[in-house]
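Read off the chains here:
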Amino acid sequence: MEWLFWVLATVFGCLGYLLLKIVTVIWWKPLQVKWSFESQGVRGPPYRLFTGNVAEAVRMDTQAKSTPMPWSHDIVHRVLPHLNHWTKTYAKNFIYWVGSKPTLYVPHPELIKEILSNKFGHYGRASSNPLARQLAGQGLLGLEGEKWAQHRRIINPAFHLEFLKVEMILHEALRLYPPVSTFQRQACKPTKLGRLSIPAGTQLLLPILAIHHDQSLWGNDANEFNPARFSEGIAKAVKHPLAFMPFGFGPRVCVGQNFALLEAKVVLAMILQRFSFVTSPSYAHAPVMFLTTRPQHGAQVILHMN
């Protein structure tokens, strides 16, 4: 019977080790990160085992999408309802949880510049689930390191146009409705970001849409369509040049941004040569974030021949 004792001892030892690892990942490490940020004055919604704050975020997102909103460019509360709610509750810097992974909300242009510039290699792309990786594929978006640099060098000339001059109306449309409402990065090692000490593995959420609508940066008319704000260029349109980044910033800035702007101008010019258009009475104003910022129920327009 001695062999049975050793078998049972081994099994229970393995189970105990596995249980300890699980408890460490889902409870002890999150508590350590939570205490670290709280000691620096950063709080957020309470951590919940297994799901973190995902259930709350899904509930608020579902509620926001349930009905269209009145016609307005003030869309942050509908596109990013959970982030908008937590900003009002916990101030501009807060931490929330996706499962057991901490995510720091970073709404400050100067800190975003530091993250996206990534001069010292402290920040990488946030890890994604296998389904998201399959959707994105192994193109430029899904690559890192030398592979990314090699593909970027190959692709970049195809999208580069010298002396392209990006339009005030397009700039204002991209400010109010940026293609991607948030970017995410991850601290690859313990690092310092502004006054905060960031533990390795912390995800950093950069709320582009919220920054584009921030009245402290854009003025009291931040939620109004006013292309004239760009009449003297981006630098004079806003208090901080990094408060306008519809295509990102730094080495991973969208490689196709010039092409996208040129394509938009060409398409608009071709349409306006023959047509004028207005929104249809059936249009329901319901912007959402699904991979990109888009109208939840489509954008119905009525064309009139010129």
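Before any of the text, the structure's been laid out above.
This is a predicted model, so every value here is computed, not measured.

Points about the nonpolar core
Alright, step 1. Formed by 37 residues in total, the largest nonpolar core has its most connected members in Leu-104, Val-106, Leu-193, Ile-198, Leu-204, Leu-206 and Trp-218.
Alright, step 2. Leaving out residues up to four positions away in the same chain, Leu-204 has contacts with Leu-104, Val-106, Ile-115, Tyr-123, Phe-183, Gln-184, Arg-185, Leu-193 and Ile-198.
Alright, step 3. The next biggest cluster of nonpolar side chains, apart from the first, holds 15 residues, and it includes Ile-75, Val-79, Leu-80 and Ala-210.

Quick look at the pattern of salt bridges
Alright, step 1. On inspection of all chains with the given rule, the structure shows eight salt bridges.
Alright, step 2. Here the salt bridges do not stand alone but share partners, grouping Glu-172, Arg-175, Asp-221 and Arg-229 into one network.

Topic: the sheet that holds strand β2 (residues 101-105)
Alright, step 1. Strand order in the open sheet formed by five strands is β1-β2-β7-β4-β3, and the pairing between neighbours is mixed. Edge positions in the open sheet fall to β1 (95-98) and β3 (123-125), since each of these has one partner strand only. For this sheet, the mean inter-axis angle between neighbouring strands, taken without regard to orientation, is 35°.
Alright, step 2. Across three bridges, the pairing between β3 and strand β4 (residues 183-187) is antiparallel. Note that in β4 the partner of Tyr-123 across the bridge is Ala-187.

What to know about helix α4 (residues 81-90)
Alright, step 1. Listed in full, the buried residues belonging to α4 are Pro-81, His-82, Leu-83, Asn-84 and Trp-86.
Alright, step 2. Where the residues of α4 are buried, they touch α2 (54-65), α3 (76-79), β1, β2 and β7 (203-206).
Alright, step 3. Just downstream of α4, Ala-91 is the residue with a positive phi angle, here 75°.

Points about unusual backbone geometry
Outside of glycine, negative phi angles account for most residues, and trans bonds account for most peptide bonds.
Alright, step 1. Positive phi outside glycine occurs at Phe-50, with the angle close to 75°.
Alright, step 2. With respect to the element layout, Phe-50 can be found in the loop between α1 (2-38) and α2.
Alright, step 3. Here Phe-50 falls in the exposed class, since its relative accessible area comes to 62%.
Alright, step 4. With a phi close to 75°, Ala-91 is a non-glycine residue in the positive phi region.

Description of the pairing of β1
Two faces make up the sheet, and in a regular strand the side chains alternate between them.
Alright, step 1. One ladder, built from four bridges, connects β1 with β2; its direction is antiparallel. Looking across to β2, one finds that Tyr-96 is bridged to Thr-103.
Alright, step 2. Where β1 hands over to β2, the hairpin turn is made up of two residues, of which Gly-99 adopts a positive phi near 65°.

With respect to the packing of α2 against α4
Alright, step 1. One way to put it is that α2 packs onto α4 with a least axis distance of 8 Å and a crossing angle of 115°. Taken as axis vectors, α2 and α4 run roughly perpendicular relative to one another. Contact with α2, carried on its side by Glu-56, Ala-57, Met-60, Asp-61 and Ala-64, involves Pro-81, His-82, His-85 and Trp-86 of α4 and no other residues of that element.
Alright, step 2. Looking at the contact of α2 with α4 residue by residue, the class counts come to five nonpolar, two polar and two charged.

Looking at the environment of Gly-124
Alright, step 1. For Gly-124, the position within the fold is in strand β3.
Alright, step 2. For the pair Gly-124 and Cys-188, spaced 64 residues apart in the sequence, the C-alpha separation amounts to 6.2 Å.

Quick notes on helix α5 (residues 109-117)
Alright, step 1. Within α5, the full set of buried residues consists of Pro-109, Leu-111, Ile-112, Ile-115, Leu-116 and Ser-117.
Alright, step 2. As for α5, its buried residues are in contact with β3, β4, β5 (191-193), β7, α9 (208-212) and α10 (215-218).
Alright, step 3. Asn-118 sits one or two residues past α5 and shows a positive phi near 50°.

Rules used in this analysis
Residues numbered from 1 in each chain as written. Predicted model: local features only at pLDDT ≥ 70, side-chain atom pairs only at ≥ 80, totals over all residues. Heavy atoms only, no water. Core = buried A, V, L, I, M, F, W, Y, C linked by side-chain atoms within 4.5 Å. Buried < 20%, exposed > 50% of the residue type's maximum accessible area, 1.4 Å probe, protein only. Contact = heavy atoms within 4.5 Å. Salt bridge = Lys/Arg side-chain N within 4 Å of Asp/Glu carboxyl O. Pairing = 2+ DSSP bridges. Helix = DSSP H or I, 4+ residues; strand = E, 2+ residues; numbered from the N terminus. Axes fitted to C-alpha atoms, helices over the stretch in contact; angles between N-to-C directions. Parallel < 35°, antiparallel > 145°, perpendicular 65-115°, else oblique. Nonpolar A, V, L, I, M, F, W, Y, C, P; charged D, E, K, R; others polar.

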